[in-house]
Amino acid sequence: MTDLRSDTITQPSAAMRKAMAEAETGDDVLREDPTVRKLEEQAAALTGKEAALFTPSGTFANQLALFTWCPKGGEVYLSEYSHIVQHETGASAHISGAFLRCFVPSNGHWAEWDDIAPRIRTVKDVHFPRPALICLENALSDGTVQPIASLASIKVKAEKAGLPVHLDGARMFNAACYLKTEAAAMAQQADSLMFCLSKGLGAPVGSLLCGTRDFIGEARYKRKIMGGGMRQAGILAAAGLIALREELPRLGEDHQKARELAAAFEGFDAVFDVINPVPDINMVFLRLRRGGKKREQLFLKLLADADVRAYPPEGGVFRFVTHRDLSKAQLIGVLKILPRIAEALK
Ligand SMILES: Cc1ncc(COP(=O)(O)O)c(C=O)c1O
């Protein structure tokens, strides 16, 4: 089975399993787990932040950031398309009580200051929520990457407006790889950020929230409130350390696979409308030129018959994700079945 649903479906590598089995552990709520501490130190060093905190998931880390930055009802400025808005089950309503004030990015992808600024309350008024936070995302859920200069411009202006910036960097190392920059250069444009170990980096579990020592100290307390104080979590952190050492340097290979896949779909442009013919990261997005529910179902069935798994489309858009467990042979296999599938969809 070739699985193109997500980069979250990868299995822990042999090196991860070995490291997990041999991990030195302790009670991390008491801060006695040396492996978690090591992972947090490495995450802080990689992102150029003072401190980091291990969390069970990316959603957890994002929501913890909101919970830590925002008083109840505090207003958060973020894109309508962001993961926090679209795919985190409305968690801020349950956890932080932060009020999400959305905008549609005028460039169709990422936020620019001109999208954010008109939303920010500049006067105190009994009717208004209080401005609390700006949230950005890189790489974006649509597979594009926001340039550093654009992030930097927002950071400077946010600072002037007295607002902190949180970066959802679930795939920030993919973004850094695309931008050919250090992750810290991107992290510098945010006051807090989170990245995931369990996506392109292939670890089974975990994300890291990074920021100043004070911010992370407060987040540690709020993590406990959320039930995220983990005990011998070094078992999980051990896989994360392998992910940072062995998987991070190879993310570019996944991007190359996505480019090959996109180019192959492009070869049948009478059938497929490829939205990103040259993907920035490890995701290919496309629509069927002749759409409709029935044809979308047929496409999924043709893929399934050829042992290829894909998620159903969202709003007519299919997403295919490359990852470490997609072998060269499997990719070639997908490229080989495309002519037949395209013919059937004509
Ligand atoms: C941009 C972005 N942010 C946050 C998350 C949440 O991560 P998790 O699935 O670990 O909760 C995801 C997951 O795909 C994501 O793509």
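Residues numbered from 1 in each chain as written. Predicted model: local features only at pLDDT ≥ 70, side-chain atom pairs only at ≥ 80, totals over all residues.

## Describing the overall build of the chain
What the chain contains, in helices and strands, is 14 helices and 12 strands. Against the 2.2 N^0.38 benchmark of 20 Å for 346 residues, the chain shows a C-alpha radius of gyration of 21 Å, consistent with a compact globule. Its C-alpha atoms give the chain principal-axis dimensions of about 60 × 55 × 35 Å. Looking at the 346 residues of the chain, the share that counts as buried comes to 45%. (Helix = DSSP H or I, 4+ residues; strand = E, 2+ residues; numbered from the N terminus. Rg over C-alpha atoms; globule rule 2.2 N^0.38 Å. Buried ≥ 20, exposed ≤ 12 C-beta atoms within 10 Å, placed from the backbone.)

## Observations regarding the sheet that holds strand S2 (residues 51–55)
Strand order in the open sheet formed by 7 strands is S2-S8-S7-S6-S5-S3-S4, and the pairing between neighbours is mixed. This sheet does not close on itself; its edge strands, each paired only once, are S2 and strand S4 (99–103). Averaged over all adjacent pairs, the angle separating strand axes in this sheet is 20 degrees, with direction ignored. The pairing of strand S5 (residues 131–137) with strand S6 (residues 165–168) spans 4 bridges and is parallel. Directly across from Ile 134, in S6, lies its bridge partner Val 165. Docked against the sheet, helix H3 (residues 58–69) engages S2, strand S3 (75–79), S5, S6, strand S7 (192–196) and strand S8 (207–211), running at close to 30 degrees with respect to S8. (Pairing = 2+ DSSP bridges. Axes fitted to C-alpha atoms, helices over the stretch in contact; angles between N-to-C directions. Contact = placed C-beta atoms within 7 Å.)

## Description of the sheet that holds strand S12 (residues 318–321)
Within the open sheet, the 3 strands sit side by side as S9-S10-S12. Their pairing is antiparallel. Every interior strand has two partners, whereas the edge strands, strand S9 (272–274) and S12, have only one. Looking at each pair of strands side by side, their axes are set apart by 35 degrees on average, direction ignored. Both S9 and strand S10 (residues 283–288) contribute to a ladder of 3 bridges, which runs antiparallel. Residue pairing in the sheet places Asp 273 in a bridge with Arg 287 of S10. Contacts from helix H12 (residues 251–266) reach S9, S10 and S12 within the one sheet, and its direction differs from that of S10 by about 15 degrees.

## Some points on the domain arrangement of the chain
Each domain of the chain was delimited in the assignment, giving domain 1 (14–248) and domain 2 (250–345). Centre-to-centre separation of domain 1 and domain 2, based on C-alpha positions: 29 Å. Counting residues per element, the side of domain 1 that touches domain 2 draws most heavily on helix H8 (residues 172–179), which supplies 5 residues. By residue class, the composition of the side of domain 1 that touches domain 2 is 7 nonpolar, 5 polar and 3 charged. (Domains from an automatic or database assignment. Nonpolar A, V, L, I, M, F, W, Y, C, P; charged D, E, K, R; others polar.)

## Overview of the pairing of S7
S7 sits mainly inside the fold: 5 of its 5 residues count as buried. Looking at chain direction, S7 and S8 are connected through 4 bridges and run antiparallel. When the bridges of S8 are listed, Met 194 appears paired with Leu 209.

## Observations regarding the environment of Tyr 77
Mapped onto the secondary structure, Tyr 77 falls in strand S3. Not counting residues up to four positions away in its chain, the partners in contact with Tyr 77 are Arg 101, Ile 116, Arg 119, Ile 120 and Ile 134.

## Looking at helix H2 (residues 34–47)
When the terminal C-alpha atoms of H2 are compared, their 20 Å separation across 14 residues agrees well with the 20 Å that a helix rising 1.5 Å per residue should span. Of the positions making up H2, those classed as buried are Thr 35, Val 36, Leu 39, Glu 40, Ala 43, Ala 44, Leu 46 and Thr 47. The secondary structure elements touched by the buried residues of H2 are S2, helix H9 (183–187), S7, S8 and helix H11 (234–247). Downstream of H2 by one or two residues, Gly 48 has phi in the positive range, about 70 degrees. (Expected span 1.5 Å × (residues − 1).)

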